[in-house]
Amino acid sequence: MGLGTKITLVSLASLIAALGAYVYQKKKKEIIPWTWEEVGKLTKLNLFPLKSGHRIELHKAECTKYGLRQTKDEDAVQLRDRCLVVYSEKDNEFRTARTYPKMVLIDVSVHDDKYLAVDVPTMRTLYVQIPIKDENKESFIRLHKGEEIYAIDCGDEAASWFSRYILGKDVGLRLGFHDASRSRNISKTHKTILDYYTNLTNSSTGLYSDLTAVLLVNHASVRDLNARIGTSSVSVDNFRPNVVVDGPQLEAYAEDDWDWIKIGDVVLRNVKECTRCIMTTIDPENANRSSDREPLKTLETYRLSNGPSRLPTMGINCEVKVEGIIKLGDPVFISKSVLSSATNGTIKH
């Protein structure tokens, strides 16, 4: 055997060993911890059926890989978090309260096993038949960064109602529904984010959420923010969380360093800090936008992300690793990864 052949074999062996070590590390990183530390209680549980719409406050919820879902009722459908989205009839681009603040006042509830009820203070109730893909038009809605997400159209009556409420016109907008039959693929549209937040994957995504299945907020962090603002009180609901954690020993921004979170039967993984936008300046109860840009103005002074988006942060984006039921009052536990976790881009403060 010549020297060149030996070198080639050694190089090949090294490559195989390195690849094996990489695969082993990737697999080990997903091992769920076996030791946990209690940090607080689950104090608030919110489901947002319509993207940018008003919340439903729950006592308990089923936590699925796509996010929260109402617990089973034999007489009605189970609403999922962000299963509805408003989009432009012209270009299929999504619309939110960032542009139309009054959207935060839209309430969606279950009417019966076939219909949803949609309400706002100024219009008649809209009854939307839950669309079935074999009977309704299917399309793809463009969300952030051009990502296209599957939708089933909810029909002309819903389109007219949302157009009149949001635009003051008879046409222009439509309502889309996600039946959770398809998963998202953010590999191309969110490559920069995926490269930076190494725990974030396609499996982390929700339905029409901006990105992940569950958003967790630490109430102590919001109290600290209000103390810094001083002249106003920002609600935890300004941040539109699914899960709120609180407790007498819980420190502000402790969630930045949480890796794994366990609530009831559910296990979550912190995959990314939650960067914040103008949406947080809209009062969720009256749709008024704050005149002083709070809470963004204060957050920008001490909570800027080190990641690709230099935006202020509050809360953490989580992937659902173990599905199950969670309810108010459940103890919340945290744990470090079995291996050293890769950076989630959390800031220092």
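Residues numbered from 1 in each chain as written. Predicted model: local features only at pLDDT ≥ 70, side-chain atom pairs only at ≥ 80, totals over all residues. Heavy atoms only, no water.

Quick word on the sheet that holds strand β8 (residues 115–119)
Ordered in space as β7-β8-β9, the 3 strands form an open sheet in which the pairing is antiparallel. Pairing within the sheet leaves two strands with one partner each, and these edge strands are β7 (107–110) and β9 (126–129). Averaged over all pairs of adjacent strands, the angle between strand axes in this sheet comes to 30°, irrespective of strand direction. Sheet strands touched by helix α2 (residues 156–167): β8 and β9. Its angle to β9, the strand with the most contacts, is close to 140°. (Pairing = 2+ DSSP bridges. Helix = DSSP H or I, 4+ residues; strand = E, 2+ residues; numbered from the N terminus. Axes fitted to C-alpha atoms, helices over the stretch in contact; angles between N-to-C directions. Contact = heavy atoms within 4.5 Å.)

Comments concerning helix α4 (residues 219–229)
Where α4 is concerned, the buried positions are Ala-220, Ser-221, Val-222, Leu-225, Asn-226 and Ile-229. On its buried face, α4 is in contact with β13 (214–218), β14 (243–246), α5 (296–299) and β17 (313–322). With a side-chain oxygen lying 2.9 Å from the backbone nitrogen of Ala-220, the N-terminal cap of α4 falls on Asn-218. (Buried < 20%, exposed > 50% of the residue type's maximum accessible area, 1.4 Å probe, protein only. Polar contact = N/O pair within 3.5 Å; in protein donor to acceptor, adjacent residues only side chain to side chain.)

Let's talk about the confidence of the model for the protein chain
In this model, the protein chain carries an average pLDDT of 89, and 87% of its residues clear a pLDDT of 70 or more. Throughout residues 1–28 the model reports pLDDT below 50, and contacts reaching past four residues in sequence, or to other chains, amount to 5 contacts. Between residues 339–349, whose pLDDT stays under 50, and residues either more than four places distant or in other chains, the model counts 39 contacts. (pLDDT = per-residue confidence, 0-100.)

Notes on the nonpolar core
Within the largest apolar cluster, 58 residues are counted, with the highest numbers of intra-cluster contacts made by Phe-162 and Ile-261. Residue contributions to this core peak at 5 residues, all from α2. Residues within four places of Phe-162 in sequence aside, it is in contact with Leu-50, Val-86, Ile-106, Val-118, Leu-126, Leu-167, Leu-173 and Leu-175. Core analysis: the next-biggest nonpolar cluster, separate from the first, contains 12 residues, Ile-229, Val-234, Val-244 and Tyr-302 among them. (Core = buried A, V, L, I, M, F, W, Y, C linked by side-chain atoms within 4.5 Å.)

Quick notes on the packing of aromatic side chains
Following the criterion strictly, the structure yields 5 aromatic pairs and no others. Taking 6.1 Å as the distance between ring centres and 65° as the angle between the ring planes, the aromatic pair formed by Phe-140 and Tyr-150 counts as edge-to-face. Of this pair, Phe-140 sits in strand β10 (residues 138–142) while Tyr-150 sits in strand β11 (residues 148–153); the two residues are 10 residues apart in sequence, bridging distant segments of the chain. A relative accessible area of 38% means that Phe-140 is categorised as partly exposed. Overall, the relative accessible area of 3% leaves Tyr-150 in the buried class. In this structure an aromatic cluster arises from ring pairing among Trp-161, Phe-162 and Tyr-165. In this structure, Arg-228 is placed above the aromatic ring of Tyr-302, and the distance from its NZ or CZ to the ring centre is 3.9 Å. The ring of Tyr-197 has Lys-272 lying over it, and the distance from NZ or CZ to the ring centre is 5.2 Å. (Phe/Tyr/Trp six-rings, centres within 6.5 Å; stacked < 30°, edge-to-face > 60°. Lys NZ or Arg CZ within 6 Å of the ring centre and 35° of its normal.)

What to know about the environment of Glu-148
Examined against the element boundaries, Glu-148 turns out to sit in strand β11. The spacing of Glu-148 and Asn-92 is 56 residues in sequence and 9.3 Å in space, taken between C-alpha atoms. Discounting residues that sit within four places of it in the chain, Glu-148 has contacts with Phe-140, Ile-141 and Arg-142.

Quick word on unusual backbone geometry
Following Glu-294, the chain continues into Pro-295 via a peptide bond in cis, with omega recorded as 10°. Of note, Pro-295 is situated in the loop between β16 (266–275) and α5. The backbone of Ser-52 shows a phi angle near 80°, a positive value even though the residue is not glycine. Turning to its location among the elements, Ser-52 is positioned in the loop between β1 (37–47) and β2 (56–57). For Lys-145, which is not glycine, the phi dihedral falls at a positive 60°. Of note, Lys-145 is situated in the loop between β10 and β11. The exposure class of Lys-145 is exposed, given its relative accessible area of 51%.

A few points about the sheet that holds strand β4 (residues 67–69)
On the basis of which strands lie adjacent, the open sheet formed by 3 strands has the order β4-β3-β18 and antiparallel pairing. Whereas interior strands pair on both sides, the edge strands pair on one side only; in this sheet they are β4 and β18 (324–327). The mean angle between the axes of side-by-side strands here comes to 40°, regardless of whether they run parallel or antiparallel. Of the pairings in the sheet, the one linking strand β3 (residues 60–64) to β18 comprises 4 bridges and is antiparallel in character. Bridge assignment links Cys-63 to a residue of β18, and that residue is Gly-324.

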